[in-house]
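Breakdown of the fold
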Amino acid sequence: MKSVMPGAEAEYTDNDFQRVRGIAFEEAGISLPVSKKTLVYSRLSRRLRELGYHSFHAYLDFVKTPAGQAEMEKLICALTTNVTSFFREKKHFEHLEAEVLPHLACTARSGGRVRLWSAACSTGQEPWSMAMSVMSVIPDAPSYDIRLLATDINSEVVEQAASGTYPASETDGISAENRKKYMEPCGDGKLRFAGPICKLPAFRVLNLNADWPIKGTFSAIFCRNVVIYFDDETREKLWRRLADRLEPGGFLYVGHSERVATTIQCRLEQVAPTIYRKDS
Ligand SMILES: C[S@@+](CC[C@H](N)C(=O)[O-])C[C@H]1O[C@@H](n2cnc3c(N)ncnc32)[C@H](O)[C@@H]1O
C-alpha cells in the first residue's frame, strides 16, 4: 500500500508508520497505537512540505542521519499532544494550597530549600498556575529559596511557556484578581506574567524517559496527562524514578485518568484518586 490517505500529497506506507512508531518509542517513550496512523500523517506532512520531501520514506531516512538530528527533535515535537489549561484539575491546586504549601512556607521561612516540579509542562499553564498557588499562600516566596522547575520534551512549547505570554482570551481559568496581580497587557490582545512571580519558575527541555540532569528532591511533582502516551512498562519505570525524586512526605499529582501502579503504592500512598504521598 502506498498512501493511507486518499489525495495525500506525500507517499506514506504502513512501513513508514511503523518506522515513526519505532522512533516515537525510542526517542520519547511514546507508544502510538495503530489508530493514530492518519494523525501521524497530518502531524508530519507539514514538516515534509517545509523540507521539500515527497515521501515519508525519504524524510525518515533523513532524520536518522547526523544532519537530521535537529529535524528529529521537530518530528518528536510534532508528535506530542500539548493540550493544557490554567488550573486544570482544580482539586490539585486546592490540595497544594491547603495541605502542602503552608508547611513549605515554614520550611522556606526558616531558611530551607523548597522545590516543586511540573514534569510535562506543555505551554506553561500548569507551572504558572502552580506559581500563582505558591504566591497566594506565600506572597513573599520569591525572596526565599523556593523554585519551580518546569520541563517538557518539546522545546517549542517550553519556549512558549518561558515567555509567560498568552492570548487574554485563553486566560479564563485565572481569576480576575490574579490576572491583575500577576499579569500585564503586552499588546495584540495578549497578557504576560510580570513582576516577582517570574522569579519562581525555571523552564528546561527534558525527556522524562531519558537521563535527568536534575539535582535534589522535590516537595511536590505534577506529572499529569503525559503517561497516557506511554506503555505500562515505561509508566512503571517513570513512577519509580519520580518516587525517588520526591522527598519523604512529598506529593505526586497525576492526571485524572492516570493511576500509579499498585506495585509502587508501597512507596507512594494514595491520598486521593490522583494524589499520592511518599512515606515520611
Ligand atoms: C497533554 S500535555 C499535559 C500538560 C500538563 N501537564 C497538563 O496536564 O495540562 C502532555 C505533555 O507531555 C509532553 N511529553 C510527552 N512525552 C514526553 C516525554 N517523554 N518527556 C517529557 N514530556 C513529554 C508533551 O510534549 C506535552 O506537552
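Residues numbered from 1 in each chain as written. Predicted model: local features only at pLDDT ≥ 70, side-chain atom pairs only at ≥ 80, totals over all residues. Heavy atoms only, no water.

Another point: the side chain of Ser118. For Ser118, the position within the fold is in strand S1 (residues 114-118). Judged by relative accessible area, which is 0%, Ser118 ranks as buried. Here Ser118 is in contact with Glu126, Pro127, Met130, Leu148, Leu149, Ala150, Thr151 and Phe222, once residues within four sequence places are set aside. (Helix = DSSP H or I, 4+ residues; strand = E, 2+ residues; numbered from the N terminus. Buried < 20%, exposed > 50% of the residue type's maximum accessible area, 1.4 Å probe, protein only. Contact = heavy atoms within 4.5 Å.)

Further remarks concern the sheet that holds strand S5 (residues 190-193). Where strands meet in a sheet, backbone hydrogen bonds hold them as pairs that are either parallel or antiparallel. The 3 strands are arranged S3-S5-S4 in an open sheet whose pairing can be described as antiparallel. The outermost strands of the open sheet, each flanked by one partner alone, are strand S3 (165-167) and strand S4 (183-185). On average, each strand axis in the sheet is tilted by 30° relative to the strand beside it, whichever way the strands run. The pairing of S3 with S5 spans 3 bridges and is antiparallel. Across the sheet, the residue bridging to Thr165 is Arg192, located in S5. (Pairing = 2+ DSSP bridges. Axes fitted to C-alpha atoms, helices over the stretch in contact; angles between N-to-C directions.)

Once that is clear, we can look at the layout of surface pockets. Each pocket or cavity is described by its volume, and for the largest pocket that value is around 570 Å³. What lines the largest pocket is a set of 34 residues, and nearest its centre among them are Thr80, Thr81, Asn225, Val226 and Tyr229. Residues that form the lining of the largest pocket fall into these classes: 17 nonpolar, 11 polar and 6 charged. Looking at which domains feed residues into the lining of the largest pocket, each of domain 1 (14-79) and domain 2 (90-278) gives three or more. Volume-wise, the second largest pocket comes out at about 280 Å³. Every element with two or more residues in the lining of the second largest pocket is listed here: S1, strand S2 (146-152) and strand S6 (201-205). (1 Å grid on protein atoms, 1.4 Å probe; cavity = no way out; pocket = protein on both sides within 12 Å on 5 of 7 lines; lining within 4 Å. Points joined across faces, edges and corners; volume = space filled by probe spheres on them. Nonpolar A, V, L, I, M, F, W, Y, C, P; charged D, E, K, R; others polar. Domains from an automatic or database assignment.)

Our focus in this paragraph is the domain arrangement of the protein. Its domain assignment divides the protein into domain 1 (14-79) and domain 2 (90-278). With 9 residues of domain 1 at the contact, the number on the domain 2 side is 10 residues. Roughly 710 Å² is buried in total at the junction of domain 1 and domain 2, and carbon and sulfur atoms are behind 52% of that figure. There are 0 salt bridges connecting domain 1 and domain 2. The interface formed by domain 1 and domain 2 holds 4 residue pairs in polar contact (both at pLDDT 80 or more) in total. Contributing elements (two or more residues each) for the side of domain 1 that touches domain 2: helix H1 (14-28) and helix H4 (69-79). For the side of domain 1 that touches domain 2, the per-class residue count stands at 5 nonpolar, 2 polar and 2 charged. (Buried area = accessible area lost by both parts, 1.4 Å probe. Salt bridge = Lys/Arg side-chain N within 4 Å of Asp/Glu carboxyl O. Polar contact = N/O pair within 3.5 Å; in protein donor to acceptor, adjacent residues only side chain to side chain.)

Next up on the list: the packing of H1 against helix H2 (residues 37-51). Two quantities define a packed helix pair, namely the angle between the helix axes and the distance between the axes. Two numbers describe how H1 lies on H2: the axes approach to 10 Å, and their chain directions differ by 80°. Judged by the angle between their axes, H1 and H2 are roughly perpendicular. Only Lys37, Val40 and Leu44 of H2 make contact with H1, whose side of the interface consists of Asp14, Phe17 and Val20. Residues that form the contact of H1 with H2 fall into these classes: 4 nonpolar, no polar and 2 charged. (Parallel < 35°, antiparallel > 145°, perpendicular 65-115°, else oblique.)

What follows is about the pattern of salt bridges. Per the stated rule, a full pass over the model turns up 16 salt bridges. The partner of Arg49 in a salt bridge is Glu9, and the shortest N-O contact between them spans 3.2 Å. Taken as a pair, Arg49 in helix H2 and Glu9 in the segment before H1 lie far apart in primary sequence, 40 residues in all. Take Glu9: its relative accessible area is 53%, and that puts it in the exposed class.

This brings us to the nonpolar core. Residues Trp117 and Leu252 are the most contacted members of the largest nonpolar core, which totals 47 residues. For this core, the secondary structure elements donating two or more residues are H1, H2, helix H3 (56-63), H4, strand S7 (218-223), helix H9 (232-245) and strand S8 (246-254). When residues of this core are sorted by domain, at least three fall in each of domain 1 (14-79) and domain 2 (90-278). By size, the runner-up hydrophobic cluster in this structure holds 39 residues, among which are Phe86, Val114, Ala161 and Leu191. (Core = buried A, V, L, I, M, F, W, Y, C linked by side-chain atoms within 4.5 Å.)

Taken together, the neighbourhood of the ligand is formed by 22 residues, with Thr84, Arg88, Ala120, Asp152 and Asn225 sitting nearest. Between Ile153 and the ligand, the recorded distance is 3.3 Å, taken from a backbone N or O atom to a nitrogen atom. Contact distances for the ligand include 2.9 Å between a nitrogen atom and a backbone N or O atom of Arg224. Considering the ligand on its own, with 610 Å² of exposed area, one finds that the protein chains cover 99% of that surface. Judged by its atoms lying within 2 Å of the grid points, the ligand is housed in the largest pocket. Considering only residue class, the shell around the ligand consists of 9 nonpolar, 9 polar and 4 charged. (Near = heavy atom within 4 Å. Areas by Shrake-Rupley, 256 points an atom, 1.4 Å probe, with all protein chains shown as cover. Sits in = over half its atoms within 2 Å of the grid points.)

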